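Descriptive analysis of the structure
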Amino acid sequence: ISTLRQAVLVATGGVLAILTLWENRRKNDQEHTRQVHAERRARYAKAIEQLADDKSAIRLGGVYTLAKLVDDWLDDEKTLPSMEKRRQEGQIIIDSLCAYIRSSFPLAERYDELILSYEEYKQKCQDNKRSNQSREEFIRDKSLFREEQEVRQTILSEIKKRLNSGEVKRDDGKYEIKPGTWSYFEYNFLNTVFFYRVGFSNSYFGASLKFFEAEFTGVADFSRVKFTGVADFFRAEFTDANFYEAKFTEIADFTGAEFTDANFYEAKFTESADFTGAEFTESADFTGAEFTEIADFYEAKFTESADFTGVKFTDANFFRAKFTDANFFRAKFTDANFF
């Protein structure tokens, strides 16, 4: 009995020792997790402060820190096993970057002036019979303008880098873009004035994308982009819009949008494409595009050439649309309204 009791005590002691070790490890892991998350949130707070700095180099540092933080959250399976929670943490940072892009910048209103040389600017002011800045003032504003362009373009560049993880060859021999690590975040550029080039070519957007009433003063390159969430370009304004071979597998909303030059060459719309009331003041190229659901151009206006050569329509509505020069050579219609 004494021997049995001793064996039980030894076994019990072993179990207690194991439980103690496990509890200590659990507490250590919790403390490590707490420290890691606290450190990231401190870096986030510091980076947000940097975005408000007067010096562009410091603002750029904040941008790179925030981008790295998103990556850190997404990669951290150890302290945050749930992908959903990792994306929630990343979305908070993405929202901050988008908020910076949406924020106003007074000098953006002088885009047409600040892209000129001082001599060109001075001549323009004389032609319009208005006062002009001194060379020093103009150069100062032009420098601030370019610095802010660089900061905002860097944000878009860091986003774009993570919206494509390569391409995969399909059975039909064509290549398709694979989603990147940031593809399933939501991006809100509501009412944004893009006073710089916007380049998202070959990107994969897997969630909702809002460019509601955005203004693109320069090139907006969405060529070969895949939109698998709702693409909201409601009343957006484009100077040079490039949607060459873009693919929309959800609703594409261009209601009331204004285009100077628009390139939708071989773009594919799987769901409805709404161009109601859209205005195309120069060329509108839809050559080879495909519309699987309704293509609604109700009251759309085409001031110059509108090329719909070889377009495939399932349900096309051009009710009250206005054309100056329209080409529908070899276009195919299942159901169409040109009243």
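Here's a quick rundown of the structure. (Residues numbered from 1 in each chain as written. Predicted model: local features only at pLDDT ≥ 70, side-chain atom pairs only at ≥ 80, totals over all residues. Heavy atoms only, no water.)

Broken down by element type, the chain carries 6 helices and 23 strands. Computed over C-alpha atoms, the radius of gyration of the chain comes to 27 Å, more than 25% over the 20 Å expected from 2.2 N^0.38 for 339 residues, which places it beyond the range of a compact globule. Considering only C-alpha atoms, the chain reaches an extent of 105 × 60 × 30 Å along its principal axes. Taken across its 339 residues, the chain has 40% of its residues classed as buried. Here the analysis covers contacts within the chain between residues at least 6 apart in sequence; of these, 28% occur between residues at least 24 apart. Within the structure as shown, the chain displays about 18200 Å² of accessible surface, and the carbon and sulfur contribution to it stands at 50%. Averaging the coordinates of the 47 positive side-chain charges in the chain and doing the same for the 59 negative ones gives two points 7 Å apart. (Helix = DSSP H or I, 4+ residues; strand = E, 2+ residues; numbered from the N terminus. Rg over C-alpha atoms; globule rule 2.2 N^0.38 Å. Buried < 20%, exposed > 50% of the residue type's maximum accessible area, 1.4 Å probe, protein only. Contact = heavy atoms within 4.5 Å. Areas by Shrake-Rupley, 256 points an atom, 1.4 Å probe, with all protein chains shown as cover. Lys, Arg positive; Asp, Glu negative; His and termini not counted. Charge placed at Lys NZ, Arg CZ, Asp CG, Glu CD.)

Our focus in this paragraph is unusual backbone geometry. The phi dihedral of Asn202 falls on the positive side, at around 60 degrees, and the residue is not glycine. With respect to the secondary-structure elements, Asn202 resides in the loop between β5 (198–199) and β6 (204–205). Asn202 sits in the partly exposed class, given a relative accessible area of 24%. At Arg235, a residue that is not glycine, the phi angle is positive and equals roughly 55 degrees. Structurally, Arg235 is set in the loop between β10 (231–232) and β11 (237–242).

This part is about helix α5 (residues 118–127). By the burial criterion, the buried members of α5 are Tyr118, Tyr121 and Cys125. Projected onto a plane normal to the axis of α5, the buried residues spread over an arc of 60 degrees and lie on a single side. The secondary structure elements touched by the buried residues of α5 are α4 (111–114) and α6 (135–161). Of the residues one or two after α5, Lys129 is the one with positive phi, at around 55 degrees. (Arc of directions from axis to C-beta.)

Structurally, the position occupied by His37 is in helix α1 (residues 2–51). The buried category is assigned to His37, whose relative accessible area is 13%. If sequence neighbours within four positions are ignored, His37 has contacts with Trp73, Asp76, Thr79 and Leu80.

All right, on to the layout of surface pockets then. The volume enclosed by the largest pocket comes to roughly 320 Å³. If you trace the largest pocket, you find 17 residues lining it, with Lys174, Glu245, Lys247, Glu266 and Lys268 closest to the centre. For the lining of the largest pocket, the element with the most residues is strand β2 (residues 175–177), which contributes 3 residues. Within this model, the second largest pocket holds a volume of roughly 160 Å³. The wall of the second largest pocket is formed by Leu51, Ala52, Asp53, Asp54, Arg59, Tyr100, Ser103, Ser104, Phe105, Leu144, Glu148 and Arg152. Looking at the lining of the second largest pocket residue by residue, the class counts come to 5 nonpolar, 2 polar and 5 charged. (1 Å grid on protein atoms, 1.4 Å probe; cavity = no way out; pocket = protein on both sides within 12 Å on 5 of 7 lines; lining within 4 Å. Points joined across faces, edges and corners; volume = space filled by probe spheres on them. Nonpolar A, V, L, I, M, F, W, Y, C, P; charged D, E, K, R; others polar.)

Right, let's talk about the packing of helix α2 (residues 56–75) against helix α3 (residues 83–102) for a bit. Geometry of a packed helix pair, given as the angle between the helix axes and the separation of the axes. Two elements in contact, α2 and α3, have axes separated by 8 Å at closest approach and are oriented at 160 degrees. As far as their axial angle goes, α3 and α2 are roughly antiparallel. The way α2 lies across α3 gives a crossing that is left-handed. The segment α2 lies against α3, with Arg59, Leu66, Leu69, Val70, Trp73 and Leu74 engaging Arg86, Arg87, Glu89, Gly90, Ile93, Ile94, Leu97 and Tyr100. Residues of the contact of α2 with α3, tallied by class, amount to 9 nonpolar, 1 polar and 4 charged. (Axes fitted to C-alpha atoms, helices over the stretch in contact; angles between N-to-C directions. Parallel < 35°, antiparallel > 145°, perpendicular 65-115°, else oblique. Left-handed = near helix turned anticlockwise from the far one by under 90°.)

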